[in-house]
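Understanding the architecture of this molecule
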Amino acid sequence: MENSVLIKLFLLTCHFSFVFSALSLTQWTNETTTTAIQMLIEFDASTATLKRGTVIIATSAAGTISNGAPFLDTNFRGDVDQAATLEPGKSYSYTLEEDTGGSVTLLMCTKALEPENVNAVPLGQDSARVAFRINGGNFEALSGFTLTTDGISDPIADPIAAGTASVDVTGMGPPFEEYQFSVIQRYECGSGTGIMLNSGPVNTTVRLAPDNPSIVDAPTADADEVLLELTFPNKSSDLVYRLRRDGVFQVQFSYAMYVDFDTDTGDYNDSGLTPGTQYEYDVVAEDLTSGLTVSSTATTTICTEPGTVDTVSYLNTPGTPGQVTLSWAQPLGSVTTYYVHYAGASPETSTTTSAAIAGLNSADSVVFQIQTEYVCPFDSSALTGANVSKTVYTSPAEPMFEVLPFVSSSEGLTKLQVAWAANSADAVAQASLFKWTVRRSDDGGVAYQDILTKVDYATQFHVDTDLTPATEYYYSLIAYYNNHATATSTKPSACTLPEAPQDVSVVTVSSTDLSCTWSEPTNVGSCIASYQMQFNGVDTPGNLTLADTTQVVSTTPSAFGALYDDAANVCYVRTISPPHAVVGSGSSVWASAEGYLKPVAPNVTVNALSSSMVEITVVPADDNLNVVNYTATIFRDAVQIVANLPHPWYHVDTGRTAGFQYAYTALVKYRNTPSLQGPAFDTCTLPNEVDDLVVTSAFSSNLTVTWTIPSGQVEAFVVQGNELVGDTGVEVIDVTSGVTDYSADLVDLEAESCYSVIVKTMIYCDATNAFNQTSVGLTLRACTPTPAPNITVSASKYNEITVVFNETSPLYTYKLWRGALRLTSSADVHRDSLDLVPGQLYCYTAAVEVNQVTSPVSQQVCTCAMPSAVTELQVIVATDRTLTVEWVVADDGYEYTRIVVNNVHTNDTSSANTFAIGSTNTADIPELEPNSPYAITITNEIVCNDTAIISEPMSITAFTNAQRPVLSVNTSAATPPTVSVEFYLPSGVSGYSFSLERNGIDIAAVTNPFNDANLEPATQYSYRGHLIGASGSESPVSQTINVCTHPNPVPNLRQTNATVDTVTVAWDALDYPPSGYYAFLNNFLEEPVLGVDAAATATRVYQSATGGARIADNVFTAVLDSPFLPGVQFSVGVLACLDCSVTDSSALMGDDSLDATAQTIEGMAYTLKLSRDVPSDRIRMDVKTDRQNYANWLMSEEVVNSLKVFADEFGVNIHTKRSFGRSTRGNRVYRTVSGQAGANVTVCLGVCATYGLVFYEIYRGGMTMVRFSSFLELCCGNVIADNPAHRLGFVIFDNAPAHRNVENLDVELLNLKRLPKYSPFLNPAENAISCWKAEFKKQISQRQRDFIDISNEMRNGRTLIEYRFDKVRDILENSKAVITPEKCRAWENNVLTYLPRCLAFDNIEG
């Protein structure tokens, strides 16, 4: 070479220098990258050229290279041809040539890419694995990788072959130590050059696995838990330790938990386990940084202790004292063996849940302890559970028992004695537990009954009373020790003593014979065998059988002895028990009676005294009888009627049947010994007198008398009277069977004369008619009568009927009857007021008497008593078209109520309504004129005999009202400000004058509509009004409406500056300070601009640059953007803003040159509000139509004067809170709450302006159709109960899903009405809900601790859900008081302010 060239190559840390001449290429590695090579070029010639390969990439002539300056080959060289992009890790040959012919060539390489996916993972506590991958590049000779790190004892192979994907590094440590690895990709620069080049290093970090934790178990007190002791050798926030039981994760120990341990160990109590069960536990440390479990797993196997037995019970073996069988319930988990321990014996073992224990003392108390054992499968270790004690009481042995009779007959009839004692084998550990039960049976069979039940041990004797005489009884005895019974004892028996025979009597058979008779005792039991009898002290030869109850004794001496003629003869009888083995055999006491021989039978005489009395006299047969010692007994028809009648023997038999034949006999007694009955004597009682003997037909010359056959026996009538038909003056009329009424005629009589007629009854007392009985007879004075009178009757007034005799005479005595009741009457006009019932039918008859002769009775005339008049008539509801009246009626028989209404002004009278009886006590009188007086008259009526009977009238005068108006108030931007007030009235209502108040002061000369002008700008005014009817009546006052007048326009609005895309306006300040200004931009172009519809962009509000704040001063610059381009006509308006309204004032109109003139913009009032989305459904035409219909309905007469209840529901939970709270500046507002919001609670309520909160219900969960239907029924019931006038009412509610299908409810007197859709502003219940929830939020925020710190005492056995619900319900109950009638009236008045807008089809987005 002619010139020497110096070549320098710098790659990584290698540096090679070659000195040739002044022409040189040197590679600079500080700027060499994977896609660019930097070099230093030096040459002596005037020009030089640089080639890569054969392609020229730079020349000095072009100024792309210069002597001594660096050059960067980056593949972007402007006008020089460029080769392909340089590739990483590839060699390129560069030649620098001078124009003198000199050149130098140098091989240069781009940097290699760093290896990809370099990462390291721990393999254990002393090793790790580093993984990597070749990263792209067109390498000519990749030699492999270099891996370096510090602090390891085992060297890493270097270099690492190119095909290797990972390297395991060992000799690391200690555990949990962190290491950093560097990986470099190596290759040879050029083929065969031997120059090794490295990429930049890629580092990765790894932490070795932590030390192994350990786990051991420790003793615990309960069989359902395990206490584990864990060792944590490494404490780091990057580590967690995970514990598993039987492969299922249980708990994780984080750094925050175990860093506080004093040592490297910590305890974990795993509870809720199954006793007697084997569990496998393992714990492993996990590095959170790698997400890998990097420690070895520590394991242990643990068995829980067996559970304790439950429900220990036992049974005594029947008939085997001292033997019991214990049983118990299997505890949770496994049990290998049960041990039964008790004092004085080796424990019994059992593999089942029962054990039989024998050899115990009878009647003893033994304490048993039952223990469980579980053999752990993995190490066969035996674990024992806790002892469970059970006190067992053995049954007693068979006691000793005997029955003893009573010797005394007074006690032995109904009593027996029983005695007993305990068996000597009984331990009787506690006498208080030892009881006796004595049982008795009548037959020794199975039907034993307790006579002593579980009496104390000290009681060992008993007298059994109230037994049946002569009866054998069987007894048994049962001993109990703590209610455990012994087998039944032996069953001894005994007999009670027999009773004496009953009804012992000595009967006189004749004057020479007596008979001794008796009957068996009341109780004839198995213990009676025979009878024994004595007569006058002499025993019978032998006992009599039970069938022998009669013995006859004669005056002839016999084995019984002789009878006494002049003294009492005594008979003795007793019962005998048979001599058998039964204890208590014996005999009863003696029963006795005495008797006398019979006297001679007497005679009787009889005499009929009347129809019911007969006189009887007893006559002795022996005239020499000493009657002083005798009594008589009289018999009628063989039935005794009187006994032991002393002398004289005379008796009157009363109460006999008239005309009846009786036979009488008698006997006499001597010392209660009767004679035989004497002969009978027959007689008949006199027949009864005739009934109803009256004159039934009376004429001037004849009379007819009639009578009715009386009760008793009558066979004929005897009529006596000279005027009778016939010649004898006596007429006998036989009785005809079946005929009850009889008569006789008196003829040829004198007019107005009186005659006597006697009628007697007669019977034939024997079959031959030889003996007749005739009554005394009745005498009738019969006179020829005067004519029957005529009467008229009328209901003259309440509680009085007037009866008038049409024929009058001073000689008449007047007689009057109401039905069968004779009335006191002394004049020809009688006013009957005696116990009349209003509305009841009464019938009257009359007669007159002249000279003690009564005329025939008049015809019956009937009428009804006047019904009661109504009382307490009053108007309870008055509207402009309707009056509702109420009255009180007595339920006393009226049929109809008639209302007559008379317009006092027009004198137009009509029967407005007629009501059936009992249908109502209120009435609506419709279709009246407003503000008019009406006379209202009410009467009760009945129809009696086709004639209306009308009560006394009740009348009042009442006025209709003028109608309460609804006001509509609007403001305008006129100067000075004006407020327009309009009274809204239903169609067809007119004739009123109007009264209007502004701020409580009347405004004179008000028209409708009325414009209130000359007001102050930016001022709040309140309006209310009422109507004055033509009659002067005033309507109720309307609701009060507040309104603010518009502020004045801003003065002197002017343009002060304009650019291509901005305009600046200014104005003068107002006389009063507004709260701010708003600028308004309006595009008035008629043609679209840039394809945008001008109408769509006609109005845009530009706010200040501060993001929507009001303009603070009086200068505003508007920035015009698309579609407002230069040359577009526009207007700028400025709005003065107040708190109650924002009113536009003036506007500027611009042209192409931005010249402007001021114009006034009328009718634009804007305020800054939160933007809300309004669903199109809320302003649909059908929705607005429904609102208009609802407004007309709400203003109708019926609804205005009716009770209206508005219903709705809302939900709360324990997280319900206020949206805002107070805190110091810079600090947020927090509220500590429970971790769970709890179940939702729903409140359904009804409110009205009259009563406030009418009714409410609180439910757990949401509202359903069933719940809402039930709520409506209960709410309506409350309304009716609180509204006794029972006026028509309405329950109004919205269209929520839970409110479907409720119109089918049958609710008395109340109607259901739905609100229009999307109209919550028409429901005062929405305001009530907001009020109630605000108070609820206030109270619940003060009681949050009740939902956080909940103790068992607070829950009081309730579940958490029940406890939370009860607390929320309490707060709701306490906060409901904020809903008052005053507030409800205000809310309902607020609804009325929306009615004009509803009627006008306004868009209401509320």
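Anyway, here's the lowdown on the structure attached to this text.

Rules of the game
Residues numbered from 1 in each chain as written. Predicted model: local features only at pLDDT ≥ 70, side-chain atom pairs only at ≥ 80, totals over all residues. Heavy atoms only, no water. Helix = DSSP H or I, 4+ residues; strand = E, 2+ residues; numbered from the N terminus. Buried < 20%, exposed > 50% of the residue type's maximum accessible area, 1.4 Å probe, protein only. Contact = heavy atoms within 4.5 Å. Areas by Shrake-Rupley, 256 points an atom, 1.4 Å probe, with all protein chains shown as cover. Disulfide = S-S within 2.5 Å. Pairing = 2+ DSSP bridges. Axes fitted to C-alpha atoms, helices over the stretch in contact; angles between N-to-C directions. Salt bridge = Lys/Arg side-chain N within 4 Å of Asp/Glu carboxyl O. Core = buried A, V, L, I, M, F, W, Y, C linked by side-chain atoms within 4.5 Å. Polar contact = N/O pair within 3.5 Å; in protein donor to acceptor, adjacent residues only side chain to side chain. Expected span 1.5 Å × (residues − 1).

1. So, the overall build of the protein
Of the regular secondary structure elements, the protein holds 11 helices and 99 strands. Counting across all 1406 residues of the protein, residues that qualify as buried make up 44%. Residue pairs in contact within the protein that sit at least 24 positions apart in sequence constitute 61% of those at least 6 positions apart. About 68,600 Å² of surface is accessible on the protein, with carbon and sulfur atoms providing 48% of the total.

2. What about the environment of Gln551?
Within the element layout of this structure, Gln551 appears in strand β45 (residues 550-554). Sequence spacing of Gln551 and Cys516 is 35 residues, and the spatial spacing of their C-alpha atoms is 5.2 Å.

3. Some points on the state of the cysteines
What the rule picks out here adds up to six disulfides. A sulfur-sulfur distance of 1.7 Å marks the disulfide that ties Cys303 to Cys376. Disulfide Cys303-Cys376: the torsion about the S-S bond is 65°, which places it as right-handed. Residue Cys303 is located in strand β24 (residues 298-303), and its partner Cys376 is located in the loop between β30 (365-375) and β31 (382-384); the two are separated by 73 residues in the primary sequence. What makes Cys303 buried here is its relative accessible area of 13%. Counting only cysteine sulfurs, Cys1384 is the nearest neighbor of Cys1248, a cysteine outside any disulfide, at a range of 7.0 Å. For Cys1248, a relative accessible area of 2% corresponds to the buried category.

4. Some points on the sheet that holds strand β84 (residues 1010-1012)
Pairing within the open sheet is antiparallel, and its three strands lie in the order β80-β81-β84. Here the strands that pair on one side only, and so sit at the sheet edges, are β80 (966-972) and β84. Each adjacent strand pair in this sheet contributes to an overall mean axis angle of 25°, direction not counted. Two elements, β80 and strand β81 (residues 978-984), share seven bridges in a ladder whose sense is antiparallel. Residue pairing for β81: Ser972 is matched across the bridge by Thr978.

5. Considerations on the pattern of salt bridges
This structure, assessed with the given rule, holds 28 salt bridges. We note a salt bridge from Arg207 to Asp238, for which the minimum N-O separation is 2.9 Å. Here Arg207 is found in strand β16 (residues 202-207), whereas its partner Asp238 is found in the loop between β18 (226-231) and β19 (239-245), with 31 residues between them in sequence. A salt bridge links Asp282 to Arg244, with the nearest nitrogen and oxygen atoms 3.0 Å apart. With a gap of 38 residues between them, Asp282 in strand β22 (residues 278-287) and Arg244 in strand β19 connect regions that are remote in the sequence. Classification of Asp282 by relative accessible area gives buried; the value is 10%. A cluster of three or more residues bridged by salt bridges with shared partners is formed by Glu178, Arg207, Asp238 and Asp287.

6. What to know about the nonpolar core
Leu1245, Val1247, Trp1332, Leu1372 and Ile1379 are the most contacted members of the largest nonpolar core, which totals 44 residues. Broken down by element, this core gets its largest block of residues, seven residues, from helix α6 (residues 1324-1341). In this structure, Ile1379 is in contact with Leu1245, Val1247, Leu1253, Ala1328, Trp1332, Cys1384 and Trp1387, ignoring residues within four places of it in sequence. Membership of the second largest hydrophobic core comes to 40 residues, among which are Trp420, Leu452, Val455 and Leu477.

7. So, the side chain of Ser1375
Along the polypeptide, Ser1375 turns up in helix α9 (residues 1360-1375). By relative accessible area, which is 1% here, Ser1375 ends up buried. Looking at Ser1375, its side chain comes within polar contact range of the side chain of Trp1332, at 3.0 Å. For Ser1375, the contacting residues outside a window of four places in its chain are Trp1332, Glu1335, Phe1336 and Gln1339.

8. Description of helix α3 (residues 1181-1194)
For α3, which comprises 14 residues, the first-to-last C-alpha distance of 20 Å matches the rise-based estimate of 20 Å (1.5 Å per residue) to within 8%. Along α3, the residues classified as buried are Val1183, Lys1184, Arg1187, Tyr1190, Ala1191, Trp1193 and Leu1194.

9. Quick word on the sheet that holds strand β57 (residues 703-708)
With respect to topology, three strands assemble into an open sheet ordered β56-β57-β60, the strand pairing being antiparallel. For this open sheet the edge positions go to β56 (691-698) and β60 (741-746), each flanked by a neighbour on one side alone. Averaged over all pairs of adjacent strands, the angle between their axes in this sheet comes to 20°, without regard to strand direction.

10. Details of unusual backbone geometry
Trans peptide bonds make up most of the peptide bonds, and negative phi angles are found at most residues other than glycine. Across the junction of Gly173 and Pro174, the peptide omega takes the value 0°, indicating a cis bond. Across the junction of His647 and Pro648, the peptide omega takes the value 5°, indicating a cis bond. Of note, Asp692 is a non-glycine position whose phi angle comes to about 55°, a positive value. Position of Asp692 relative to the elements: it lies in strand β56. Positive phi outside glycine occurs at Asn1301, with the angle close to 60°. In this structure Asn1301 comes out as exposed when scored by relative accessible area, which is 58%.

That is the geometry; function is a separate question.
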